[in-house]
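Listed below, chain by chain, are the residues.
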Amino acid sequence: MTTLFLSTVNPPPLGFIFAQPTRKDLLSRVFAIYTDNPSALVQQVEQRLTKVKGVLVYSADECTLKQLSTHFWLMSIPLMAENNLIHLVQPLLSTLESLTITQDQNIDLQRTLARVTRNLDELQQDYQHATDTLVKQVQSLLQAESKLLSSETHLKHIIDLLPQQIYAIDHEDHMILANVSYTNAHNVNIHDILGCSTKDIAPQADIESGWLATAQSANTTVRLNNVRVDLPERTLATHTGDRFFHVTKIPFHFNGDNLLGVLTVATDITEHKNSEQAILKLNQELEQRVIDRTAALAQANEHLQEAKVQAEAANASKSLFLAMMSHEIRTPMNGVVGMIDLLRETALDHDQHKMLNTVRESSFVLLNLIDDILDFSKIEAGRLGIEKISFSLSEVLEGVAETLMPNATQKQLTLNCFVNPNIPDLLMGDPVRLRQVLFNLCGNAIKFTHATPKKYGLIQLRAELITLHDDAIDLVLQIEDDGIGMTPESIHRLFEPFTQAESSTTRHYGGTGLGLSICRKLVEMMGGYIEVNSLVGFGSCFSVFLHLPLAQTVQASQLDQLNDVHVVAVLPQNILRRNICAYLHYWGVHLHIFDSLLEAEVHIGKIHSSIKPVLILGSLWPTPTSALAHLPTLLLTFRHDKSSTSHSLPANMIRLWISPLRREDLWLALQIASGKKSAQALGIPLKESHPNTQTRLTYSEAEQQGQLILVAEDNPVNQKVIEKQLSHLGYTCRLADDGKIAFDLWQQHRFALLISDCHMPEMDGFELTHAIRLAEKDLNQHIPIIAFTANALRGETERCLVAGMDDYLSKPVEMKSLRRILAKWMPSKND
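All of these numbers come straight from a predicted model, not from anything done at the bench.

Points about the sheet that holds strand β8 (residues 175-178)
So, point 1. Pairing within the open sheet is antiparallel, and its five strands lie in the order β8-β7-β11-β10-β9. What marks the edges here is a single partner per strand, and that holds for β8 and β9 (229-238). When strand polarity is set aside, the average angle formed by the axes of neighbouring strands in this sheet is 25°.
So, point 2. As paired strands, strand β7 (residues 165-169) and β8 are joined by three bridges and run antiparallel to one another. Each bridged residue has a counterpart across the sheet, and for Ile169 the counterpart in β8 is Met175.

A few points about the packing of aromatic side chains
So, point 1. This model, assessed by the stated rule, comprises seven aromatic pairs.
So, point 2. Each ring, one from Phe5 and one from Phe16, has its centre 5.7 Å from the other, and the planes form 85°; the classification is edge-to-face. Note that Phe5 is positioned in strand β1 (residues 3-7) and Phe16 in the loop between β1 and β2 (17-18), a separation of 11 residues in sequence.
So, point 3. Taking the centre distance of 4.8 Å and the plane angle of 45° together, the rings of Tyr167 and Tyr182 count as tilted. Here Tyr167, found in strand β7, pairs with Tyr182, found in helix α4 (residues 180-186); they are 15 residues apart in sequence, far enough to count as distant.
So, point 4. A network of ring pairs unites the aromatic residues Phe418, Tyr583 and Trp587 as a single cluster.
So, point 5. Over the aromatic face of Tyr699 sits the side chain of Arg734, whose NZ or CZ is 5.1 Å from the ring centroid.

Concerning the confidence of the model for the protein chain
So, point 1. Of the residues in the protein chain, 85% reach a pLDDT of 70 or more, and the chain-wide mean stands at 82.
So, point 2. A low-confidence stretch, residues 498-512 (pLDDT under 50), is modelled with 32 contacts involving residues beyond four sequence positions or located in other chains.
So, point 3. Confidence drops under pLDDT 50 across residues 681-694; counting only partners more than four residues distant or on other chains, this segment forms 23 contacts.

Section: unusual backbone geometry
So, point 1. Along the chain, Asn10 connects to Pro11 via a cis peptide bond; the corresponding omega equals 5°.
So, point 2. Even without a glycine there, the phi angle at Asp173 is positive, about 65°.
So, point 3. Of note in the backbone geometry, Glu762 takes a positive phi value of approximately 65° without being a glycine.
So, point 4. Positionally, Glu762 belongs in the loop between β26 (753-757) and α22 (765-779).

Details of a positive patch on the surface
So, point 1. A contiguous patch of positive charge on the surface is contributed by Arg23, Arg48, Lys51 and Arg111.
So, point 2. Within the secondary structure, Arg111 is located in helix α3 (residues 85-161).
So, point 3. With relative accessibility at 55%, the residue Arg111 sits in the exposed group.

As for the pairing of strand β11 (residues 260-268)
Consecutive side chains along a regular strand alternate between the two faces of the sheet.
So, point 1. Strand direction decides the pairing type here: β7 and β11, joined by five bridges, are antiparallel. Across the sheet, residue Tyr167 finds its bridge partner in β11, namely Thr264.
So, point 2. In this sheet, β11 lies alongside strand β10 (residues 241-253) in antiparallel orientation, the contact comprising nine bridges. Counted as the bridge partner of Val247 is Ala266 from β11.

Rules of the game
- Residues numbered from 1 in each chain as written.
- Predicted model: local features only at pLDDT ≥ 70, side-chain atom pairs only at ≥ 80, totals over all residues.
- Heavy atoms only, no water.
- Pairing = 2+ DSSP bridges.
- Helix = DSSP H or I, 4+ residues; strand = E, 2+ residues; numbered from the N terminus.
- Axes fitted to C-alpha atoms, helices over the stretch in contact; angles between N-to-C directions.
- Phe/Tyr/Trp six-rings, centres within 6.5 Å; stacked < 30°, edge-to-face > 60°.
- Lys NZ or Arg CZ within 6 Å of the ring centre and 35° of its normal.
- pLDDT = per-residue confidence, 0-100.
- Contact = heavy atoms within 4.5 Å.
- Patch = residues over 30% accessible without salt bridge, like charges linked within 9 Å, V, L, I, M, F, W, Y side chains within 5 Å.
- Areas by Shrake-Rupley, 256 points an atom, 1.4 Å probe, with all protein chains shown as cover.
- Salt bridge = Lys/Arg side-chain N within 4 Å of Asp/Glu carboxyl O.
- Lys, Arg positive; Asp, Glu negative; His and termini not counted.
- Charge placed at Lys NZ, Arg CZ, Asp CG, Glu CD.
- Buried < 20%, exposed > 50% of the residue type's maximum accessible area, 1.4 Å probe, protein only.

Now the structure itself:
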């Protein structure tokens with residue numbers, strides 16, 4: 001270490017060097033510094049004062065010495081001693097330097113001593129750990145020895161429990177082990193044979209039979225080749241007699257050296273050999289039985305084939321019989337229903353009209369019973385198919401509700417229909433079968449529900465979303481009523497064919513008891529299932545769960561088209577109000593709903609004048625107040641409320657039919673009321689227009705105007721009915737008794753439409769259609785052909801269309817169905 005003699009005062013004292021010391025100099029050297037500002041140098045090392053070794057000297061009036069730290073001093077001297085300063089501080093610095101060296105050596109020694117101490121501690125810990133490990137190993141060895149002794153005891157016990165004879169010999173053929181099975185079989189004591197040679201203890205019978213020589217030869221092979229040897233099965237002697245044994249010889253090492261012993265395992269297979277002989281004998285007997293049975297089965301198969309042919313013929317006859325019965329029953333029913341519809345168009349008093357309605361309803365009840373029986377028979381025969389086509393779910397549900405609404409209204413019941421707007425409307429499935437299921441379930445709900453002073457009489461048809469997948473949807477269709485309800489026992493047998501909930505149901509309500517059985521079969525064929533919840537006196541809820549694919553057709557979204565429309569609704573608190581709110585919220589309409597006209601007036605008075613809301617009025621408020629009369633208004637009107645439709649509405653009002661409310665009608669009405677569409681878009685006529693019955697044309701006039709209709713029908717009653725129906729609607733027709741006559745008439749005259757029965761003598765409707773379509777290819781013409789049949793079997797429609805017909809009418813033909821067909825296919829009189 002170099003001693004520094006520095007001076008910040010110039011000129012420096014004798015022996016000192018003029019220089020400005022750095023912080024490194026102050027911390028790493030032993031120094032004597034003569035300065036006129038000692039405090040500045042102290043500040044440089046203030047944080048590490050204990051590391052400084054040296055003296056700061058400055059001039060003062062007297063000589064003083066102040067210790068700043070262990071080896072750091074502050075010294076003042078009179079100015080007169082400056083020339084001798086080197087002699088004053090040099091001894092002090094020499095001492096400091098010696099002390100510093102000594103201190104560094106002490107520090108190194110302490111570090112060495114600490115390291116040695118740590119090493120001793122680590123050695124002591126290692127010694128202690130080694131001692132503990134050794135103790136544990138000794139304990140483990142003792143435990144292992146104890147377990148080994150216990151295992152040997154257990155092993156000996158286990159070997160004694162084995163049924164096989166087990167014994168072991170050493171390399172000199174001396175017995176070293178034998179189990180109880182061996183000693184019992186040879187009637188010897190284990191202590192008498194251990195250590196003895198096998199040839200000395202072998203039974204005389206084994207020696208005479210050559211078994212001892214065979215065993216010893218096998219032992220030699222095992223030792224020489226160190227392999228397992230299995231000896232052929234053979235008879236060996238025991239003290240109870242000869243037994244069959246399978247013997248195995250296995251090599252093993254013993255006493256820790258390379259000496260090989262032999263372990264012998266002899267398994268008694270006497271029972272197995274006896275069973276084998278019995279099985280062999282049984283197999284021979286079974287083979288003979290199989291030969292005999294094969295011959296019998298061949299003969300039975302011949303009988304079964306004959307029975308199958310007969311059953312198929314009977315099934316075909318059954319289907320033909322059902323079709324014929326349907327035709328035979330529907331043919332006279334066509335006369336009944338057709339004439340009733342015509343009679344209803346005439347002037348009748350109230351009682352006569354009621355009686356006619358009763359007769360008509362009874363006729364259709366009979367037809368429904370026939371349809372149920374036919375469907376059930378087809379399901380039993382496995383000939384009922386399910387289509388998969390695109391259809392609108394809302395159209396199916398709302399169509400069912402609209403069709404059944406007159407039945408509900410007649411019983412003073414309320415029928416509501418709601419389709420969750422989150423369900424995509426276009427799905428893939430069988431709309432005909434789905435409609436059939438819903439008609440049956442809703443029809444039952446109406447049948448078994450009655451309005452009373454204590455009960456409102458409500459039926460709800462709902463479609464709710466369960467899960468929406470990328471390409472399919474899980475949904476539930478619910479039909480809920482507050483009718484008579486059912487007991488759990490009744491629900492249990494509800495879907496059995498020819499069964500109704502109560503024995504008195506048939507007497508009170510009629511029916512075959514087939515409808516629900518058919519519904520369940522149809523739903524299962526569509527991949528779904530039906531659940532029922534019911535409580536006697538409170539009503540029932542049928543839930544149809546379906547998984548249907550989404551149609552690939554791109555639907556025009558109704559979202560964001562009404563989000564700028566404001567609606568003020570005055571509606572009573574009921575289910576219809578909740579349904580309307582659900583639709584409007586889904587479309588993003590700004591909706592404010594109130595319980596009275598007064599509340600609506602107050603609200604409209606507060607909104608900005610630039611907003612012109614659409615007013616929706618329930619049936620309880622048929623006329624808006626003067627403050628609301630200027631607003632575009634949707635007036636909810638029941639379809640059966642004839643008093644409401646007897647007068648016209650102002651230009652700013654639109655009549656919106658409810659019972660049921662069609663979602664599409666509500667959307668279009670809002671579009672019209674808000675000015676987004678023209679008024680013709682709604683397209684709901686108040687009345688059906690009827691052709692003038694007084695303008696019936698002659699054959700020649702009708703042919704000249706392109707309005708002549710050809711009817712091919714062999715039944716005289718049906719001829720009269722269809723002729724009168726067409727005449728009532730203002731059309732002229734020519735009748736043909738069979739297909740051949742109809743074909744000749746078609747060739748001779750110009751007809752606008754052909755209505756043909758499917759089943760006729762000489763030439764039926766299918767043959768007639770085929771003949772006409774062939775002839776039309778050369779003439780470059782096409783006449784619409786309408787199938788007219790009493791065959792109610794499902795699938796008849798498809799058969800007619802495949803044959804080349806254009807549409808389908810099922811007997812009995814109602815006036816509204818005939819009117820619809822004529823409006824669709826007859827050319828305009830102006831054409």
